[in-house]
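Single-letter residue listing:
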Amino acid sequence: MTLLLAALLIVSMTEAQTDKDSRIKEIREAYALAKKKIDRNGKNGHSPKDMRIVVNKDGDEEIDLYNMTTIDYYFDESTIDGVLTKKPYFIVDSWSNNGHTRYSEALINPTDQQVMFCYMRGETHAGFVVESRYYYDASGKCIEAKHNTSNTWTTGESEMEGTKDYLKIFNIVNADGDFTSPDTDAPEKPVTPKAKRMQKIRADYAKAKERIAQNEKAELPNELTITIHDQGDDLPPRTSVIEFFFDERCYFISEKIHSMSFDAYTEYLFDPEGEDLTFSYTRSQEEGNTSECRYYFDENGECIEIKANYDETDDGFYDKRAAKDKLAIFHALMTE
């Protein structure tokens, strides 16, 4: 009986090793294919399908001087039942702070969005280098970890969780809106007279523009920019650029969308004391026609003034939802 159990154990271990070797081979082949797709991205007449997030911000502590982060996503697109979906297959994260650097890659299964492989290379300002590779099975369990030193910075679990966070952010950015809930139970705030409220909004807008100009001239500006290149659903190639302007909190967001047939520009102004939307502006151009609309909101988010060159307006409902969704993106990135 003992010999039989030993034989079964050896067979089981051999099968497990074979499965592991097969999985690692599969991962390496998928990694090579993903790299080839990235090399072809946006070339040979094809529209690029990628998204870049750039976050630069001052730190509050001596060790946290100035964080510079760039996250690159590469994705495929497909339309199922009329719904366009974007699925990342590769994520690259580059970070630097006070002479320290970190570079990481994550390979994603484009079919089920499972993390297959993570690579990390870090270096301190003193030149100490850490390198780690993590291979995962289909259930997300790390089956192989390779390090160049025992003094590692990450684990298979931490890299997996970090990649999942980045996937959540990608899905939030590319969601079809309305992923945050409306503030139906928010307490009522005192409302100032319309003329005084309009005057304050215009003054806050002018101050926001001044802050933006000063930030752009700063040696170490606060920046959060999301750039998306995609084909769209049977549309010409388009580029979307979302910029978030912030100090202690976000006070202004702008979004530009450009394609061969359509251009749009949107602004969202937030109360500098609490991030409530106070004003939105939209301009769009299509087939030679230009549409413009401005919404002004009171302290409770009720529209008090509409200035538009067309009749079909919605009291700013969709602008309020879009602004809230974008603030959720901002907070998700700033807590990373």
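Here is what the cut-offs are and how they apply
- Residues numbered from 1 in each chain as written.
- Predicted model: local features only at pLDDT ≥ 70, side-chain atom pairs only at ≥ 80, totals over all residues.
- Heavy atoms only, no water.
- Phe/Tyr/Trp six-rings, centres within 6.5 Å; stacked < 30°, edge-to-face > 60°.
- Helix = DSSP H or I, 4+ residues; strand = E, 2+ residues; numbered from the N terminus.
- Buried < 20%, exposed > 50% of the residue type's maximum accessible area, 1.4 Å probe, protein only.
- Expected span 1.5 Å × (residues − 1).
- Contact = heavy atoms within 4.5 Å.
- Pairing = 2+ DSSP bridges.
- Salt bridge = Lys/Arg side-chain N within 4 Å of Asp/Glu carboxyl O.
- Polar contact = N/O pair within 3.5 Å; in protein donor to acceptor, adjacent residues only side chain to side chain.
- Core = buried A, V, L, I, M, F, W, Y, C linked by side-chain atoms within 4.5 Å.

So, the packing of aromatic side chains
Then step 1. Applying the stated criterion across every chain, the model contains 15 aromatic pairs.
Then step 2. Taking the centre distance of 6.4 Å and the plane angle of 65° together, the rings of Y103 and Y119 count as edge-to-face. Taken together, the residues span a long stretch of sequence, with Y103 in strand β4 (residues 100–108) and Y119 in strand β5 (residues 115–123) at a distance of 16 residues.
Then step 3. For Y119, a relative accessible area of 12% puts it in the buried group.
Then step 4. Members of the aromatic cluster, each reached through a chain of ring pairs, are Y205, F245, F252, F279 and Y296.

Digging into helix α3 (residues 194–217)
Then step 1. Look at α3: 35 Å from first C-alpha to last across 24 residues, which is about the 34 Å you get at 1.5 Å a residue.
Then step 2. Buried residues of α3: R197, M198, I201, D204, A208, I212 and N215, and no others.
Then step 3. The elements touched by buried residues of α3 are β9 (238–246), β10 (250–259), β11 (262–270), β12 (277–286), β13 (289–297) and β14 (303–308).

Side note on the pairing of strand β6 (residues 129–136)
Then step 1. Relative to β6, β5 runs antiparallel, the two sharing seven bridges. Counted as the bridge partner of G122 is V130 from β6.
Then step 2. Once β5 ends, the chain turns through five residues before running back antiparallel as β6, passing G127 with a positive phi of about 95°.
Then step 3. Hairpin geometry of β6 and strand β7 (residues 142–147) is characterised by an intervening segment of five residues between the two adjacent antiparallel strands and by a positive phi of about 95° at G140.

Quick look at the pattern of salt bridges
Then step 1. Applying the stated criterion across every chain yields a total of 19 salt bridges.
Then step 2. Between K35 and E105 there is a salt bridge; the shortest N-O distance is 3.1 Å. Taken together, the residues span a long stretch of sequence, with K35 in helix α1 (residues 2–40) and E105 in strand β4 at a distance of 70 residues.
Then step 3. One salt bridge connects K209 with E267, and the closest N-O pair in it is separated by 3.1 Å. Placement of the pair is K209 in helix α3 and E267 in strand β11, with a sequence separation of 58 residues.
Then step 4. Overall, the relative accessible area of 4% leaves E267 in the buried class.
Then step 5. A cluster of three or more residues bridged by salt bridges with shared partners is formed by K86, D230 and R238.

Observations regarding the side chain of R102
Then step 1. By the secondary structure assignment, R102 is in strand β4.
Then step 2. For R102, the side chain forms a polar contact with the side chain of E159, separated by 2.5 Å.

Remarks on the pairing of β7
Side-chain positions along a regular strand alternate between the two faces of the sheet.
Then step 1. Summarising the sheet, β6 and β7 pair through five bridges and their orientation is antiparallel. If you follow Y136 over to β7, its bridge partner there is C142.

A short note on the nonpolar core
Then step 1. Residues M51, I53, Y73, L224, I226 and F244 are the most contacted members of the largest nonpolar core, which totals 41 residues.
Then step 2. I24, F117, Y119 and Y135 belong to the second-largest nonpolar core, a separate cluster that totals 13 residues.

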